Amino acid sequence: NIIDRDCIEKDKVMNQVEQIFSDHMMLQRNCENRIYGKDFAHEKIGLLFRNQLYETVADGEGNWEIMLAPMQEGGPYSMLLLGSSQEEIKDILIGDLYFLSGQSNMEMKLTETIDVTKVEMLEEVSTIRFLSVAPNFIFQERKTVLPRVIWKRATKENFSDISAIGYFFALEISKNQKIPIGLIQTAVGGSSIEAWMKMETLNRLGNSCAEVAELIKSGEIEDMILEQMAEKDRWCKSLLQEQKPEEALWENLYLPEIIEPDSKKSYFGSIWLRKDFELKEQPVEDAFLRLGLMLEEGTVWVNNHYVGRALHRYEMLNFLVSKEILQVGINQIVIRLIIG
């Protein structure tokens with residue numbers, strides 16, 4: 001018996017299903033799929049999917065779950081959820097799901113490979129779906145609710161968000177097996193293998209891993225990370241307030257060349273680069289500036305107009321430059337690199 005939706009008071013409606021279940025999502029074929037969420041205690045829950053009705057009752061804390069029977073690949077389908085509120089999830093596919101874990105090689109976005117990827121290879125495939133889990137550190141209790149995540153389709157407007165390796169892997173599998181493919185990206189650039197291990201495993205390994213495990217138990221490591229993040233933020237803000245060097249301070253640099261400060265110690269701070277170029281006539285179209293990869297964070301101006309920024313060493317400094325800021329005669333590109 002599903003309760004009448006019209007009788008629900010507006011102030012009593014609450015979020016019903018876990019956020020990972022949303023439009024464009026992918027379910028795993030040939031196995032049970034667990035759909036779960038939270039509602040009022042002892043609320044009756046109904047789920048209608050592919051003409052089959054599933055029912056359950058939330059427990060004393062409002063938690064509920066429903067196991068969908070195994071299904072073959074297919075879609076798109078819609079799912080109707082009924083509880084203290086009504087929600088419809090649209091454009092659901094059933095196929096194969098893969099986790100994309102690891103470091104920056106897996107995290108690298110499709111649009112960051114455009115210099116080595118043929119544009120004609122970037123096909124829009126509506127049966128490839130993906131979601132990216134925002135990086136976050138968790139040292140104590142396991143999280144049961146994910147931060148806001150959104151399933152997306154492999155279309156041009158979403159290419160800047162999808163893993164390059166994941167996309168080409170899914171494209172190959174999808175073409176060969178003729179089934180929908182879902183990708184869940186959890187890769188974090190620069191993360192160590194220890195960061196993905198259970199506490200029991202760290203304890204068994206001993207040495208430095210055991211020391212890390214003790215820091216995690218004590219809660220000290222969270223304080224250390226938060227303090228380091230705050231210090232880095234203060235350092236970056238002070239650098240970003242720096243003005244461009246005076247004309248007399250610029251030195252000639254002939255590329256390719258390694259830029260090394262006089263000191264033998266490691267250098268941390270800003271490095272400014274400038275390049276003048278001449279245009280014989282006014283451009284009739286926007287230009288594209290390709291600087292490629294530069295270490296580490298980089299910000300680019302053309303004729304004193306901001307054109308773009310890369311936040312890390314693996315992000316391309318390639319930007320569209322409006323024809324409106326270009327001029328006949330001498331033009332100037334200025335780059336500020338932050339080495340940290």
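Residues numbered from 1 in each chain as written. Predicted model: local features only at pLDDT ≥ 70, side-chain atom pairs only at ≥ 80, totals over all residues. Heavy atoms only, no water.

J.: A description of the packing of aromatic side chains should follow, citing residues and the corresponding values.
T.: For the coordinates displayed, the defined rule picks out 6 aromatic pairs. Each ring, one from Tyr98 and one from Phe169, has its centre 4.9 Å from the other, and the planes form 85 degrees; the classification is edge-to-face. On the criterion of sequence distance, the pair formed by Tyr98 in strand β7 (residues 86–100) and Phe169 in helix α2 (residues 164–177) is long-range, its members being 71 residues apart. Put simply, the rings of Phe159, Tyr167 and Phe168 pair up and form one aromatic cluster. The ring centre of Tyr36 lies 4.1 Å from the NZ or CZ of Arg34, which sits over that ring. Taking the ring centre of Trp250 as reference, the NZ or CZ of Arg274 above it sits at 4.9 Å. (Phe/Tyr/Trp six-rings, centres within 6.5 Å; stacked < 30°, edge-to-face > 60°. Helix = DSSP H or I, 4+ residues; strand = E, 2+ residues; numbered from the N terminus. Lys NZ or Arg CZ within 6 Å of the ring centre and 35° of its normal.)

J.: Go over the pattern of salt bridges, please, and point to the residues and values.
T.: Tallied over the entire structure, the rule returns 10 salt bridges. Notably, a salt bridge pairs Arg129 with Asp91, separated by 3.2 Å at the nearest N-O pair. One end of the pair, Arg129, is in strand β8 (residues 125–132); the other, Asp91, is in strand β7, and 38 residues separate them in sequence. Its relative accessible area of 3% is what places Arg129 among the buried residues. The salt bridge involving Lys280 is made with Glu278; its shortest N-O contact spans 3.7 Å. The class for Lys280 is exposed, based on a relative accessible area of 71%. Each of Arg29, Glu73 and Asp96 takes part in one network of salt bridges that share partners. (Salt bridge = Lys/Arg side-chain N within 4 Å of Asp/Glu carboxyl O. Buried < 20%, exposed > 50% of the residue type's maximum accessible area, 1.4 Å probe, protein only.)

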